[in-house]
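# Structural overview
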Amino acid sequence: MNNPIVEKYFRMDNLPHIWCPGCGNGIIMLALAKAIDSLGLDKDKVCVVSGIGCSSRAPGYLDFNTLHTTHGRALAFATGVKLANPELEVIVISGDGDASAIGGNHLIHAARRNIGITTIVFNNNIYGMTGGQYSPTTPNGDLGTTAPHGNIDRPFDIAQLAAAAGATYAARSTVYHANQMEKMIETAIAHKGFSMVEVISTCPTYYGRKNKKGSAANMIAFLKDSFIDVKVAEKLPEEKKAGKFLMGEFKKEEGVVEYTVAYESIIERLKK
Amino acid sequence: MSKQTEIRLTGSGGQGIILAGIILAEAAIGEGNNAIQSQSYGPEARGGASKAEVIISSNEIHFPKVQEPNYLLALTQVAADKYLAEVNEECVVIVDSAINVPSTVKAKKIISIPILKTAAEDVGKSIVGNIVAVGAITEITGVVSRAAVETALLNRVPKGTEDLNKTALEAGYKLALNR
Amino acid sequence: MSKNIKLMQGNEACVEGALYAGMRFYAGYPITPSTEIAEKSAELLPTVGGKFIQMEDEIAGIAAAIGGALTGKKSMTATSGPGFSLKQENIGYAMIAEIPLVIVNVQRGGPSTGLPTAPAQGEIMQAKWGTHGDHPVIALSPSTVRETFDLTVRAFNLAEKYRTPVMLLTDEIVGHMREKIEIPEPGELEIYNRLEPVEGETYIPYGVREGDLVPRMAAFGSGHRYHVTGLFHDETGFPSNSTENAGFMLDRMMKKVEDNLDDLIEYEEYMLDDAEVCIFSYGSSARAAKTAIDQLREEGIKAGLFRAITIWPFAEKRVKALAEQFDNIVVAELNLGQYVYEVERVVKGAAKVSHVGKANGDVLTPAEIAAKVKEVL
């Protein structure tokens, strides 16, 4: 299988990846590589940072400056990288638990600062690497190994959380909507400021099996049937929106000064 | 000067006790001596009892805290009540004249002078009470010279307040001389 | 007064030393009694083209500092007790990923929030064992303002040379007191910069070139695309589950310290030559010990001081020799007994080891140390 994108942007020696058959993570990783290719970024100037979890293994496969950090802290490490060298295009790959549970504080503060980091959350609604515990995005009532009687937590909407915290670009897609997702990632990277792309992924091994969601294909079909674009939804009557989830671009705010630009202006001012 | 001089400055947070200590210490190093200034404080930025310490010596200073002060300044009753009990017969105590010094205090000498009233009424700004105190201490201790204190003071105070602070310092000298 | 002579706080001297050493990145979180280090860094770093950021918490502070170091900048973070606890996981990260970094801990009264404005020397063992797993540790402890400057410079030099985080264990006394300091002229102190990859050679991120001490470190963005992880990794930088590899890599990391003790260990001896009793101390407590020694000698008791400047690695060889020379070693430290265990471990009964210390927020006084010396003699 000769895919020029894979050959150009992946560390071929490190493949195949460790993800399970039917996992959606590979789709997002490839979409990221395609988006970077479309933007024509210099590989030497791209830095991909991750925390801990299934999704956070992605940087090991990607041929950039890659940083696999501690659980939840990817955005904090990435903030240091970006501020210390704003020339770098810094992309954070995180999971739902990594980004919004243990790393939730870093997420809202990176968004608040509007620092020029693109965050892609691989949201599979479960802790996969540790074997299927409920996460901050596991739907209420669903099962996890630590929610054997049904999850009583209420889930986060990660894209809206980032938007509310000050992200100037926030969008959501799914691994079924790969083309739309790729465009969103491209827009997010090109955006000057903090950008969030939440991608609903699939975990047939833990979330799917535990919650009787059927095969990986069934889970992908569910994404196709259940997600509607926010712009389409605006025109739909209420009854057609029942049971549906929203995706699309929720926020795109231009003209807010990016954090490292603001800092550089202090340095310039002090030179005078 | 071979012996170590230990000065303890006390008052309430916001009175500029620490700045007074810094000015005395900087005056001392300006004259080639060694000096250490330290403080202890609680959680409050204003009020409470504030303590600053200065040790001045021509030799190396090891232990950085005042053990037995040669001089103790108290600007408030609260501070006086707390710190006067710790002084011994070798200590010269300088208190604001509004402070009631219990007869049980065993000091070498108790100098009661109207530091805060002088700042407020003669100099015209109560905020420079600490600088009036620095002037008085300079005159009473002789541990730093007037010239060194003036240089240190002018290096530390905000621009535009130099004259006010010099007036306060001189008022402090006078208080000590005319006591 | 020479313009280089100043009255300066220990915390300020730390920042001056850091800038002298070439610090260009600082990330941290405010905490008493270390906050002046953040404030001074915030003020001065942008004036030299460096960057300061106040992060959302202590963990983020060290994380961002590691990120900054990876772009080639000399990087520092500072904290106190509770913050030092919070930073532990990422201290281990910096050790295994071999990130040059300076971590300052201005020690205060603990445990927990404890006594925020009071001094302590309570993180001596935490500095060594605080992060999980086996790991190499370098920690230094100054006892004067000038030494805070010098050891901050040294901490940066060692961090760069050994590619490892270096801890500066100061305390509320040394951090907050103001003391006379003569700032060295540029060039007066040696500055060490990390070795970069050799041009034209294949870059092996975690491989050690013949004749080198540590792997050469490429800055992110410099054209060497490599992987950094907190997992055990092989020379390529990529994760490896091989026990053989993990053993090899950890051994190499431990040996950075173990094989270079002469370069790393510094101590001071004060009036020890003719002494009949050895006081063992460090940091601010060593100052009380010196005053105690002066007072004891006035009374005819010949006491002397061994002051550890490098806390980790421990000055094992010298302390063993002291145990042969002295019947009594009195360990004076501002805690209920920490470093004393290391002294006992090394002395192995060759001398009687006693401890004088406390943890109530007060300083250890010369009188308390002198009384202990008299008690053991």
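Residues numbered from 1 in each chain as written. Chains lettered and ligands numbered in written order. Predicted model: local features only at pLDDT ≥ 70, side-chain atom pairs only at ≥ 80, totals over all residues. Heavy atoms only, no water.

## A look at the overall build of chain A
In terms of regular secondary structure, chain A is built from 12 helices and eight strands. Relative to a compact globule of 272 residues, whose C-alpha radius of gyration would be 19 Å, chain A shows 18 Å and is just as compact. Out of the 272 residues in chain A, the part that is buried amounts to 56%. Counting only contacts in chain A whose residues sit at least 6 apart along the sequence, the fraction spanning at least 24 positions is 68%. Surface summary for chain A: the accessible area is close to 11300 Å², and the carbon and sulfur share equals 56%. Taking the 29 positively charged and 27 negatively charged side chains of chain A as two groups, their mean positions are separated by 3 Å. (Helix = DSSP H or I, 4+ residues; strand = E, 2+ residues; numbered from the N terminus. Rg over C-alpha atoms; globule rule 2.2 N^0.38 Å. Buried < 20%, exposed > 50% of the residue type's maximum accessible area, 1.4 Å probe, protein only. Contact = heavy atoms within 4.5 Å. Areas by Shrake-Rupley, 256 points an atom, 1.4 Å probe, with all protein chains shown as cover. Lys, Arg positive; Asp, Glu negative; His and termini not counted. Charge placed at Lys NZ, Arg CZ, Asp CG, Glu CD.)

## Focus: the pattern of salt bridges
Within the structure shown, the criterion is met by 46 salt bridges over all chains. Ionic pairing is found between Arg172(A) and Asp157(A), a salt bridge with its closest N-O pair at 2.6 Å. Here the residue Arg172(A) occupies a position in strand E5 (residues 169–174), and Asp157(A) occupies one in the loop between strand E4 (117–123) and helix H6 (158–165), the gap between them amounting to 15 residues. A salt bridge links Glu238(A) to Lys241(A); the shortest N-O distance between them is 3.4 Å. Of this pair, Glu238(A) and Lys241(A) both sit in helix H11 (residues 238–241), three residues apart, which is roughly one turn of the helix. Overall, the relative accessible area of 24% leaves Lys241(A) in the partly exposed class. Salt bridges here are not isolated pairs; linked through shared partners, they connect Arg11(A), Lys43(A), Asp44(A), Asp63(A) and Arg225(C). (Salt bridge = Lys/Arg side-chain N within 4 Å of Asp/Glu carboxyl O.)

## Considering the packing of aromatic side chains
Within the structure shown, the criterion is met by 16 aromatic pairs over all chains. Within the aromatic cluster, the residues linked to one another by ring pairs are Tyr267(C), Phe280(C), Tyr282(C), Phe306(C), Trp312(C), Phe314(C) and Tyr339(C). Here Lys213(A) stacks its cationic end above the ring of Phe222(A), 5.8 Å away from the centre of that ring. For Lys290(C), the ring lying beneath its charged end belongs to Tyr270(C), and the centroid distance is 5.2 Å. (Phe/Tyr/Trp six-rings, centres within 6.5 Å; stacked < 30°, edge-to-face > 60°. Lys NZ or Arg CZ within 6 Å of the ring centre and 35° of its normal.)

## Some thoughts on the sheet that holds strand E2 (residues 65–68) of chain A
Pairing within the open sheet is mixed, and its nine strands lie in the order E7(A)-E8(A)-E5(A)-E6(A)-E4(A)-E3(A)-E1(A)-E2(A)-E10(C). The strands lining the two open edges of the sheet, one partner per strand, are strand E7 (227–229) of chain A together with strand E10 (227–229) of chain C. The mean angle between the axes of side-by-side strands here comes to 20 degrees, regardless of whether they run parallel or antiparallel. Judged from the five bridges that link them, strand E1 (residues 46–50) of chain A and strand E3 (residues 89–95) of chain A form a sheet pairing that is parallel. Counterpart to Val48(A) in the pairing with E3(A) is Ile91(A). Its contacts with the sheet place helix H3 (residues 74–84) of chain A against E1, E2, E3 and E4 of chain A, and it is angled at close to 175 degrees to E3(A). Each of E5, strand E6 (195–200), E7 and strand E8 (245–252) of chain A is contacted by helix H9 (residues 216–226) of chain A, which is oriented at about 35 degrees to E7(A), the strand it contacts most. (Pairing = 2+ DSSP bridges. Axes fitted to C-alpha atoms, helices over the stretch in contact; angles between N-to-C directions.)

## Notes on the interface of chain C and chain A
At the junction of the two partners, chain C supplies 37 residues and chain A supplies 39 residues. Buried surface at the junction of chain C and chain A, summed over both partners, amounts to about 3100 Å²; 59% is from carbon and sulfur atoms. Across the contact surface, chain C and chain A share four salt bridges. The shortest N-O distance in the salt bridge between Glu264(A) and Lys51(C) comes to 3.0 Å. For the pair chain C and chain A, the number of links is 19 residue pairs in polar contact (both at pLDDT 80 or more). Going through the elements one at a time, strand E3 (51–54), helix H3 (58–70), helix H4 (81–96) and E10 of chain C are the ones with two or more residues in the side of chain C that touches chain A. Per-element accounting of the side of chain C that touches chain A gives the leading share, eight residues, to H3(C). Partitioned by chemical class, the residues of the side of chain C that touches chain A number 17 nonpolar, 14 polar and six charged. Where E2(A) lies against E10(C), three bridges are found, and the strand directions are parallel. (Buried area = accessible area lost by both parts, 1.4 Å probe. Polar contact = N/O pair within 3.5 Å; in protein donor to acceptor, adjacent residues only side chain to side chain. Nonpolar A, V, L, I, M, F, W, Y, C, P; charged D, E, K, R; others polar.)

## Here's the deal with helix H10 (residues 283–298) of chain C
Residue and element names in this part refer to chain C. Across its 16 residues, H10 extends 24 Å between first and last C-alpha, which sits within 8% of the 22 Å expected from 1.5 Å per residue. Judged by how many residues are buried, H10 sits mostly within the fold: 12 of 16 residues are covered. When we look at burial in H10, the residues that qualify are Gly283, Ser284, Ser285, Ala286, Arg287, Ala288, Ala289, Lys290, Thr291, Ala292, Ile293 and Leu296. Positive phi shows up at Gly300, right after H10, with a value of about 90 degrees. (Expected span 1.5 Å × (residues − 1).)

## Focus on the domain arrangement of chain C
Residue and element names in this part refer to chain C. According to the domain assignment, chain C contains domain 1 (1–264) and domain 2 (269–376). If you look at the interface, domain 1 gives 32 residues, while domain 2 gives 23 residues. Roughly 2100 Å² is buried in total at the junction of domain 1 and domain 2, and carbon and sulfur atoms are behind 58% of that figure. On the domain 1 side of the contact with domain 2, Gln121, Ile124 and Met125 bury the most area, a combined 29% of that side's loss. Applying the counting rule to domain 1 against domain 2 returns two salt bridges. Where Glu147 meets Arg307, a salt bridge forms, and the shortest distance between an N and an O atom there is 2.7 Å. For the side of domain 1 that touches domain 2, the secondary structure elements donating two or more residues are strand E6 (115–119), helix H5 (124–129), strand E7 (138–140), helix H6 (145–162), strand E8 (165–171), helix H7 (172–176) and helix H9 (261–264). Ranked by residues supplied to the side of domain 1 that touches domain 2, first place goes to H5 with four residues. (Domains from an automatic or database assignment.)

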